[in-house]
Amino acid sequence: MRRVRAAVTGVVTLSLAFTATACGGGEGSESAPKTLTYWASNQGASLEVDKKVLQPELDQFEKETGIKVKLEVIPWSDLLNRILTATTSGQGPDILNIGNTWSASLQSTGALLPWDAKNLEAIGGKDRFVDSALGSTGVPGQDPAAVPLYSMAYALYYNKQMFKDAGIAKPPTTWDEVTAAGKKLSKNGKSGIGVEGSNLSNNIHQVFVLGKQHGADFFTADGKPDFTSDGAVAAVKQYVDLMAVQKIVAPGNAEYAQNQSLSDFAKNKTGMVLWQTPSQTFSSQGMGPEEWGVAPAPVPSGKPGQGAQTNSMVAGINLAVFKNTKNLDGALKFVKYMTSDEEQIVLNKAYGSVPPVKSAQKDPGFAAPSLAVIRDTLATSAAALPQVPEESQFETVVGTAVKELFADAAAGRPVTTESVKAKLEKAQQQMPKK
Amino acid sequence: MTETAVAHPTEPAVRKATPGEARAPRRSGRRRIALPYLLLLPALLLELLVHLVPMLMGIAMSFKELTQFYIRNWGEAPWSGFDNYTVAIDFDAPVGQALLKSFLTTCLFTVLSVGLCWFLGTAAAIFLQENFKGRGFLRTLFLVPYALPVYAAVITWAFMFQRDNGLINHVLHDQLGIGDSPAFWLIGDNAFWTLLVVSVWKGWPFAFLTVMAGLQNIPRDMYEAAALDGAGVWKQIRHITLPSLRSVNQVLVLVLFLWTFNDFNTPFVLFGKAAPEAADLISLHIYQSSFQTWNFGTGSAMSVLLLLFLLVVTGVYLLLTSRGRKTSDV
């Protein structure tokens, strides 16, 4: 009997201990005021590369302020879910990177610190930042939910040797020229241009720009989803038709989502790609900077500019502060440090992006032709994705619709205006009702 | 889990009383009655905490208008009555249509996957019943899919099924010359078959293991007697093996059914966040409705509907099989 009693006591104690551990998580929230937790998005070729780039800068910050920053680099595919979980549980980092297109969506959860005049003053004021980058920091008319950290834009990258072999003298500037060049390049198992058909965000970036060129925005002025307008349907169809009708995209691209189109480009299998700052990836795949050229992304006619001649979305990363941080002062210091001229130059050089801070952009390191194209695009002809709370859902549902249309095209099924419209209709119905 | 917890605590009740205990029969009798419940208590508490509380929260959420605006404090979200359910089962609108399609796909997928897992597992277990050289090696080999971490295994399959660089097309198209061009396995209609292959590969070793354990309980002399009466291998399987495995199979099929119907890992790792329409299993569909489009209320309503369906199916199944057992016992 004594043995049984001992066993019972043991089991009960064990279970209580178990329960206590299960409930007692979240030591992160108890962080001392002298530390900060920072979730960085994966920018470099790997998580390790990011740690190598960021750690010395964080050490420098600790030296200057005495505040230790605990770094965690999070892969893109997990980032939004991790932020959502942190929002629900209230147990997030103090500072985090967000994709700038999500700004309005995350702003609507109320989890991020609003950058009112006082907070902005603490980091040197709003005027330090380029206007186009500020356009992707939250719903217009509200205090920004984040501040810009790295800026990027789409450009057309072309394989010089393949262009030479196909007898193409200069990089295309309009969509007609892209098609013509693509047809010359698409032979002997090679193809004209690469796409990432199964990458939802990339699909959105491309059809958003084409939508602008067709005069469509995917959202009405008062923020309601408008996916089935003639312009939106034409934009999606034009993009999928690169594979379905023009045949300048290899069918295999329909299942690409891991930057395989960049490998194809580096292996001389694809002549062109529309991308944001791929130079690091090209060199890691063994392609030297002299082997590729860069030109502004194509427009319907003439030259890129405002309105219908928009040729890129404003891409980039923003830095946000979790509202329930226990170290607001330290967090503001950290944002000020990361957006200072010196850090902007160091970090944007390391990642091949352009600083969204005006004074840092003047550094001669960003005058190279490949970055000049991006800088000019951001200054003159890039548009921010709709800054509405439902933006992240839009990426999912319309991105999925485009993925399914590419799957149809790859299987040889016809992609018609009706089939495109039906997919977009279905996508629109999946959006949350207000 | 619960069954073993019930089985053991009852043991002391049938144990012969020691002389010391005989002196105070009433008190120890009460203790004996209390003991099993006491031993169950920790498991019950944990079950409550881990399963029941979230389940009740999920049910509450399904009656709320829960979008991104309220996820920080979902208690504040306005009540929406049955709106989420109406959206989920409105089969004329895209959300309902997609849910119904996903449900039917999952039903077909589950029937095929469970059937194949059971068949392969049973066949292999029977085959390995006889002692022969290499039996131990084969037994170990067959359990490899069960022992591997799901994520690592499925991601390897995803690589093999890639159209341009994958092993499957290399063998089927390049070496055996099947098809005019390499097929797509991870997008389009073929995705269903891809998912089935991976699911069966992953699931059948469990059936194999369970049936193998069940076979140990069949007395060898039954086979010997049958053989003496002139029954061949097939007759022995039909009249001895399968009927003797009845109770094992009841549990096995139920467990495989529940696991397969709810399988999230396999499609998620294989296809990512957006599964192709042909392979849009219901758990991934609900995940996408909740976490990708941030319709948490509708997603919860879908989960509750799924739970009800599984409860009904399980209930009917248990009722039918236990009735069958009673009549066969008579």
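Quick notes on the overall build of chain B
Now for step 1: Each helix and strand in chain B was counted, giving 16 helices and zero strands.
Now for step 2: Taken across its 330 residues, chain B has 40% of its residues classed as buried.
Now for step 3: Restricting to contacts in chain B with at least 6 residues of sequence separation, those with at least 24 account for 64%.
Now for step 4: Accessible area of chain B: about 18,900 Å², with a carbon and sulfur share of 68%.

Side note on the side chain of Asp263(B)
Residues and elements named next belong to chain B.
Now for step 1: Here Asp263 is to be found in the loop between α13 (246-261) and α14 (265-271).
Now for step 2: According to the relative accessible area criterion, Asp263 is buried, its value standing at 10%.
Now for step 3: Engagement of the side chain of Asp263 in a polar contact is seen with the side chain of Thr266, the distance being 2.5 Å.
Now for step 4: Beyond its immediate stretch of four places on either side in the chain, Asp263 contacts Lys202, Leu281 and Ser283.

Quick word on the interface of chain B and chain A
Now for step 1: Taken residue by residue, the interface counts 35 residues in chain B and 48 residues in chain A.
Now for step 2: Counting the surface lost from both chain B and chain A, the interface buries some 3,700 Å², and carbon and sulfur atoms represent 61% of this.
Now for step 3: Connecting chain B to chain A are three salt bridges.
Now for step 4: In this structure, Glu277(B) and Lys423(A) form a salt bridge, with 3.1 Å as the shortest nitrogen-oxygen distance.
Now for step 5: The interface formed by chain B and chain A includes 14 residue pairs in polar contact (both at pLDDT 80 or more).
Now for step 6: The dominant element in the side of chain B that touches chain A, judged by the number of residues it contributes, is helix α4 (residues 25-61) of chain B, at seven residues.
Now for step 7: Residue classes in the side of chain B that touches chain A are distributed as 19 nonpolar, eight polar and eight charged.

Some remarks on a nonpolar patch on the surface
Now for step 1: A surface patch of nonpolar side chains, amounting to about 680 Å² of accessible area, comprises Leu41(B), Leu45(B), Leu48(B), Leu52(B), Val53(B), Met55(B), Leu56(B) and Met57(B).
Now for step 2: Of note, Leu52(B) is situated in helix α4.

Some details on the packing of helix α6 (residues 94-127) of chain B against α13(B)
Residues and elements named next belong to chain B.
Now for step 1: In the contact formed by α6 and α13, the axes pass within 9 Å of each other and the chain directions differ by 140°. With respect to α13, the axis of α6 lies oblique. Between α6 and α13 lies a crossing of right-handed hand. Between α6 and α13, the residues in contact are Phe103, Thr106, Cys107, Phe109, Thr110, Ser113, Val114, Cys117 and Trp118 and Asn249, Leu252, Val253, Leu256, Phe257, Thr260 and Phe261, respectively.
Now for step 2: Split into classes, the residues belonging to the contact of α6 with α13 amount to eleven nonpolar, five polar and no charged.

Rules used in this analysis
- Residue positions within a chain follow its written sequence, with the count starting from 1.
- Chains and ligands are labelled by the order in which they are written, letters from A for the one and numbers from 1 for the other.
- Confidence filtering applies because this is a predicted model: local features only for residues at pLDDT of at least 70, side-chain atom pairs given and counted only at 80 or more, and all residues used for totals across whole chains, interfaces and linings.
- For side-chain calculations, the full set of non-hydrogen atoms in the structure is used, while hydrogens and water are omitted.
- Secondary structure counts use DSSP, requiring at least four H or I residues in a row for a helix and at least two E residues in a row for a strand, with both numbered from the N terminus.
- Burial classes follow relative accessibility: with a 1.4 Å probe on protein chains only, a residue under 20% of its type's maximum area counts as buried, one over 50% as exposed, and anything between as partly exposed.
- The contact criterion used is simple: two residues touch if any of their non-hydrogen atoms lie within 4.5 Å.
- In short, Shrake-Rupley with a 1.4 Å probe defines the accessible areas, and a residue's cover is counted only from the protein chains shown.
- Any pair of N or O atoms that falls within 3.5 Å is considered a polar contact. Within protein, one atom must be able to donate a hydrogen and the other to accept it, and sequence-neighbouring residues count only if both atoms are side-chain atoms.
- What gets called buried area is simply the loss in accessible area from a 1.4 Å probe that two parts show on being joined, summed for both.
- A carboxyl oxygen of Asp or Glu within 4 Å of a side-chain nitrogen of Lys or Arg is what we treat as a salt bridge.
- Each residue receives one of three labels: charged for Asp, Glu, Lys and Arg, nonpolar for Ala, Val, Leu, Ile, Met, Phe, Trp, Tyr, Cys and Pro, and polar for the others, Gly being one of them.
- To count toward a patch, a residue needs a relative accessible area above 30% and no salt bridge. Like charges then connect within 9 Å, nonpolar side chains (Val, Leu, Ile, Met, Phe, Trp, Tyr) within 5 Å.
- A fitted line through C-alpha atoms serves as each axis, taken over the contacting stretch for helices, and the angle formed by two N-to-C directions is quoted from 0 to 180°.
- Note on terminology: angles under 35 degrees are roughly parallel, angles over 145 are roughly antiparallel, angles of 65 to 115 are roughly perpendicular, and the others are oblique.
- By definition, turning the near helix anticlockwise from the far helix through less than a right angle yields a left-handed crossing, and turning it clockwise yields a right-handed one.

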